[in-house]
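# Structural features, examined
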Amino acid sequence: MLLKTSSFVLVTNVLLALAGCSGSSDNSSNVGKASEDGGSTSDSDSSASAKPDLLGDIPAGSVTAYGAVTVGDDAGIASDLVASFFELEEGLSGDYLKTVFSSSSTLCTVDDYDVIDFEDFSAGFIPSLNGVEKQAISAGESITLTSDSGTFANIQPQSVGAFLFYTLPDMQMLPSAPVPQSLRVDFAGDVFPGYQAASLPSVEPLSEVEFTGGDMIIPTSTFSWSPPSNPGSMIRIFTSTRGGFFLEDGKTVTCLAPDTGSFTFPLSVQTELGANFEGGMPIFSRVSVRAETTENSILFLIRESFTD
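Conventions used here
- Residue positions are counted from 1 within each chain, in the order its sequence is given.
- Local features are withheld for residues below a pLDDT of 70 in this predicted model, meaning they are given only at 70 or higher, and side-chain atom pairs are given and counted only at 80 or more; totals for whole chains, interfaces and linings count all residues.
- The side-chain numbers reported here are obtained from all heavy atoms of the structure, hydrogens and water having been left aside.
- Where helices and strands are cited, they refer to DSSP runs of H or I of at least four residues and of E of at least two residues respectively, numbered from the N terminus.
- Contacts were defined at the residue level, with two residues in contact if any of their heavy atoms lie within 4.5 Å.
- Residue burial considers only the protein chains on display, and all accessible areas are found by Shrake-Rupley using a 1.4 Å probe.
- Residue burial is assigned from relative accessible area. The probe radius is 1.4 Å, only protein chains are included, and a residue is buried under 20% of its type maximum, exposed over 50%, and partly exposed in between.
- Here the rule is simple: two strands pair whenever DSSP picks up at least two bridges between them.
- When the sulfur atoms of two cysteines come within 2.5 Å, that pair is taken as a disulfide.

### Let's talk about the overall build of the protein
When its secondary structure is counted, the protein shows four helices and 18 strands. Residue pairs at least 24 apart in sequence account for 72% of intrachain contacts in the protein once pairs closer than 6 positions are excluded. Surface summary for the protein: the accessible area is close to 12,800 Å², and the carbon and sulfur share equals 50%.

What follows is the structure, encoded as structure tokens:
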């Protein structure tokens, strides 16, 4: 069987370069709550004054830990396997978190480059909940992904600086076979509780992606793509100032948008980016999310399809 590496290796290299460079200030920008005309977030350090993040203001509740397991593909072939788990200082509403990725709202954030968090550098989508304090935690020694044909992959914990995440062991390759339609997740748990036979959703391949602005992203860029045949998915767009993470006054922008076939940054995001913003080639993907909960935890199960 032909094998290929996960693009997460590239993300790990970015983390290694930046792990010692993070500032402690919160310079992220709240550009509105989760709503029809734009959402917001701050992917900042976990300070008491941290502004709402990608999911907007989250009601209080009994959920004190969350995790995500993400399987990404390029044209159906596995390209990314990543998971991460967090303990929260304050309890959040499980009912809210279970429905926030309903595909009916636009959720956006604009961050300065000195705001560094793992979620910003993962090739695969990991929901960010930085509106409250959080701490990366263990979910056990390994996470097994299984299809009807048997074991698809085992991912294991790794750490870079303060970042703790699960991915393929060093030098292990991804199979080039298509990602199975029926894929289940099992892990024994640790600080984060275990889950058994948790099913990932399906996702349709993403195609015919185009955007205006030439070879760069500008605040008024219009994005278009072929919409899905079934509802329920979202489109993820991430870009950062052209030229690298070490430029002065650089910014990143992340949006999750309804999967309708077209998208333009909300006016609040355009204003926050500024008229002179020039973004590099974006990460563009279709995301499907389902959630399972225990009494005090929520697990996001995510399938993601990237453009070629």
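### A short note on the pairing of strand 18 (residues 297-306)
Of all 10 residues that make up strand 18, 10 are buried, and the element is covered over most of its length. Here strand 18 shows two buried faces, one formed by Ser-297, Leu-299, Leu-301, Arg-303 and Ser-305 and the other by Ile-298, Phe-300, Ile-302, Glu-304 and Phe-306. As paired strands, strand 2 (residues 60-74) and strand 18 are joined by 10 bridges and run parallel to one another. Counterpart to Ala-65 in the pairing with strand 18 is Ser-297. Direction of pairing for strand 17 (residues 283-293) relative to strand 18: antiparallel, over a ladder of nine bridges. Among the inter-strand pairings, Val-289 is bridged to a residue of strand 18, identified as Ile-302. Linking strand 17 back to strand 18 in an antiparallel pair, the connection comprises three residues.

### Quick word on the sheet that holds strand 16 (residues 262-264)
Strand order in the open sheet made by the three strands is 12-13-16, with antiparallel pairing throughout. Both edges of this open sheet fall to strand 12 (210-211) and strand 16, since each of them pairs with a single strand only. As paired strands, strand 12 and strand 13 (residues 222-224) are joined by two bridges and run antiparallel to one another. The partner of Glu-210 across the bridge, within strand 13, is Ser-224.

### A closer look at the state of the cysteines
Tallying each qualifying case throughout the model produces one disulfide. A sulfur-sulfur separation of 2.0 Å characterises the disulfide bridge that pairs Cys-108 with Cys-255. Note on the Cys-108 and Cys-255 pair: the S-S dihedral is about 115°, so by sign convention the disulfide is right-handed. Residue Cys-108 is located in strand 4 (residues 107-112), and its partner Cys-255 is located in strand 15 (residues 251-258); the two are separated by 147 residues in the primary sequence. Taken as a pair, Cys-108 and Cys-255 share a single burial class, namely buried.

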